[in-house]
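# Coordinate analysis (summary)
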Amino acid sequence: MHIWRLMKADKQLGQAQNIRSLLPHCHSLIVHCPSLDGKICLMISGNVIQCHLIYIYCLTKQLNTDPHDISLYHGHTYFPPNTEYKAYIQALPSQSPKKSAPCDHFTAINAQDHKKFKNMDITGIVTINCSHILIKSTVDLQLGEKFANTDYALAHAICNTKPHPEEILFIDHDFAHKSDHHHSYDISCGFSKNVIKCFQKNFPNEVEFVRNMKWLIPLLYVQNHQDNCTYLYSSAYQENTRNFQGESAEQPWIELNQLAPQTQQMNNSHHQDTIIDHHSHWNWAKTTNMAATLS
């Protein structure tokens, strides 16, 4: 099954036909957003113009499994390399230092009951999307939502669309530096505080891209934050965000929640491969219908 999935993706996404000779930025096995991935919009450190983050319960139970049963994508698709990601998670401190929460909404998230994750190997996934809700990257969660997982998801999204050396001639450098980069997340008030420091430590090659980001909170979620979060992170008070509401990032939830009961009984490799297939189908469906909805 792993071999068949890899061969199918390699053929359908043009890698078997050497699509990189025509579209150099298509160097991974993901379905790219056609409205953002042109030569003009390619960024020096990535091309995610606007990012959204969604948190979905795709649980996986602790199972006895063959350690040699691994995904063959090796990080060339939405999920990062499993070995590197596990090493990154294991290197994190067991407990985050106690800090004052920036607002009550952040405190409520930290107060969630972790008992519901008992006997679960994977407790959810974090997904980074572009502004047209095409999925860019995904990472697994362990024991709830942590900023460290989100850091890795964002870094992998940048790497998935990061131009390789042979692409540099195609990039409008002046445009890339002046373009606005927005990241919409329901707890941006907490996430943005230390993201530069974390990227300097763990993802130094992507720091410049993250440093230029503007941080947003979706319009529905920001109503549950403190008043100052509204003025600092609401798109209504940010330049060049066209009153962006940010709630469309939840659209994939409908399909992924139906997929969750199946992935719950799978080992990690089949769990990832199944979600990868779903992501590619979702992105392709969005691509084929995009012309009818773009104005």
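Structure: above.
Residues numbered from 1 in each chain as written. Predicted model: local features only at pLDDT ≥ 70, side-chain atom pairs only at ≥ 80, totals over all residues. Heavy atoms only, no water.

### Points about the pattern of salt bridges
Put simply, the rule is: Whenever a carboxyl oxygen of Asp or Glu lies within 4 Å of a side-chain nitrogen of Lys or Arg, that contact is scored as a salt bridge. Helical segments are the DSSP runs of H or I of at least four residues, strand segments are the runs of E of at least two, and each set is numbered from the N terminus. Using a 1.4 Å probe on the protein chains alone, a residue whose accessible area is under 20% of its type maximum counts as buried, one over 50% counts as exposed, and one in between counts as partly exposed.
Summed over the entire model, instances satisfying the criterion amount to 1 salt bridge. With its nearest N and O atoms 2.8 Å apart, the salt bridge here joins Arg5 to Asp277. A residue pair is termed long-range when its members are at least 10 positions apart, and Arg5 in helix H1 (residues 2–12) and Asp277 in helix H12 (residues 268–293) qualify at 272 residues. A residue is classified by how much of its surface remains accessible, and Asp277, at 25% relative accessible area, is partly exposed.

### Digging into unusual backbone geometry
One non-glycine residue with positive phi stands out, namely His74, at about 55 degrees. Looking at the secondary structure, you find His74 in the loop between strand S2 (60–61) and helix H2 (82–90). Residues other than glycine seldom take positive phi values, yet Ile133 does so here, at roughly 65 degrees. Here Ile133 is to be found in the loop between strand S4 (124–129) and strand S5 (135–141).

### Focus on the packing of H2 against helix H4 (residues 147–160)
Basically, it comes down to this: Comment: axis = line fitted to C-alpha atoms, over the contacting stretch for helices; angle = value between 0 and 180 degrees taken between N-to-C directions. An angle below 35 degrees is read as roughly parallel, one above 145 as roughly antiparallel, one from 65 to 115 as roughly perpendicular, and any other as oblique. Handedness of a crossing is defined here by the sense of rotation of the near helix relative to the far one, left-handed for an anticlockwise turn of less than a right angle and right-handed for a clockwise turn. By the convention used here, residues are in contact when the closest approach between their heavy atoms is within 4.5 Å. Only Asp, Glu, Lys and Arg are considered charged, only Ala, Val, Leu, Ile, Met, Phe, Trp, Tyr, Cys and Pro nonpolar, and every remaining residue, Gly among them, polar.
Two numbers describe how H2 lies on H4: the axes approach to 11 Å, and their chain directions differ by 150 degrees. Here H2 lies roughly antiparallel to H4, going by the angle between them. The element H2 and its partner H4 pack so that their crossing is right-handed. Of the residues in H4, those touching H2 at Glu84, Tyr85, Tyr88 and Ile89 are Ala148, Asn149, Asp151 and Tyr152. Residue composition of the contact of H2 with H4, by class: 5 nonpolar, 1 polar and 2 charged.

### Describing the packing of aromatic side chains
Short version of the rule: Any two of the Phe, Tyr and Trp rings considered here, Trp counted by its six-membered ring, make a pair once their centres fall within 6.5 Å; the pair's planes then place it as stacked at under 30 degrees, edge-to-face at over 60, or tilted in between.
This model, assessed by the stated rule, comprises 11 aromatic pairs. Here the aromatic rings of Phe191 and Trp215 are separated by 5.6 Å at their centres, their planes lie at 75 degrees, and the arrangement is edge-to-face. Remark: Trp215 occurs in strand S7 (residues 213–216) and Phe191 occurs in helix H6 (residues 188–191); sequence separation between them is 24 residues. Phe191 sits in the buried class, given a relative accessible area of 2%. Taken together, the ring pairs connect Tyr85, Tyr88, Tyr152, Phe199 and Phe203 into an aromatic cluster.

### Details of the side chain of Thr287
One can find Thr287 in helix H12. In this structure Thr287 touches Val31, His32, Pro34 and Leu134, once residues within four positions along its chain are discounted.

### Description of the packing of H4 against helix H7 (residues 195–202)
Look at H4 against H7: their axes get within 11 Å of each other, and the N-to-C directions meet at 65 degrees. Taken together, H4 and H7 sit at an angle that is classed as roughly perpendicular. Note on packing geometry: the crossing formed by H4 with H7 is right-handed. Here H4 contributes Asp151, Leu154 and Ala155 to the contact with H7, which in turn contributes Val195, Cys198 and Phe199. Of the residues contributing to the contact of H4 with H7, the split by class is 5 nonpolar, no polar and 1 charged.

### Section: the nonpolar core
Across soluble globular proteins, you tend to see nonpolar side chains buried next to one another. Note the following rule: As used in this record, nonpolar core signifies buried Ala, Val, Leu, Ile, Met, Phe, Trp, Tyr and Cys residues forming a set joined through side-chain atoms within 4.5 Å.
Ranked by internal contacts, the top residues of the largest apolar core, which has 30 residues, are Phe199, Val210 and Trp215. Broken down by element, this core gets its largest block of residues, 7 residues, from H4. Residues in contact with Trp215, not counting those within four places in the same chain, are His183, Ser188, Phe191, Ser192, Val195, Val210, Leu232, Tyr233 and Gln238. With 16 residues, the next largest nonpolar core counts Val31, Leu256, Ile275 and Ile276 among its residues.

### Let's talk about the environment of Ala148
Tracing the chain through its elements places Ala148 in helix H4. By relative accessible area, Ala148 is classed as buried at 14%. For Ala148 and Cys198, which are 50 residues apart along the polypeptide, the C-alpha to C-alpha distance reads 8.2 Å. In this structure Ala148 touches Tyr88 and Leu92, once residues within four positions along its chain are discounted.

### Quick notes on the side chain of Thr77
Position of Thr77 among the secondary structure elements: in the loop between S2 and H2. Once residues within four sequence positions are removed from consideration, Thr77 is found in contact with Leu29, Ile30, His156, Asn160 and Ile276.

### A short note on the environment of Leu13
Position of Leu13 relative to the elements: it lies in the loop between H1 and strand S1 (50–56). C-alpha separation for the pair Leu13 and Val31, spaced 18 residues apart in sequence, amounts to 7.1 Å. Filtering out sequence-adjacent residues up to four positions away, Leu13 remains in contact with Ile19, Leu29, Ile30 and Val31.

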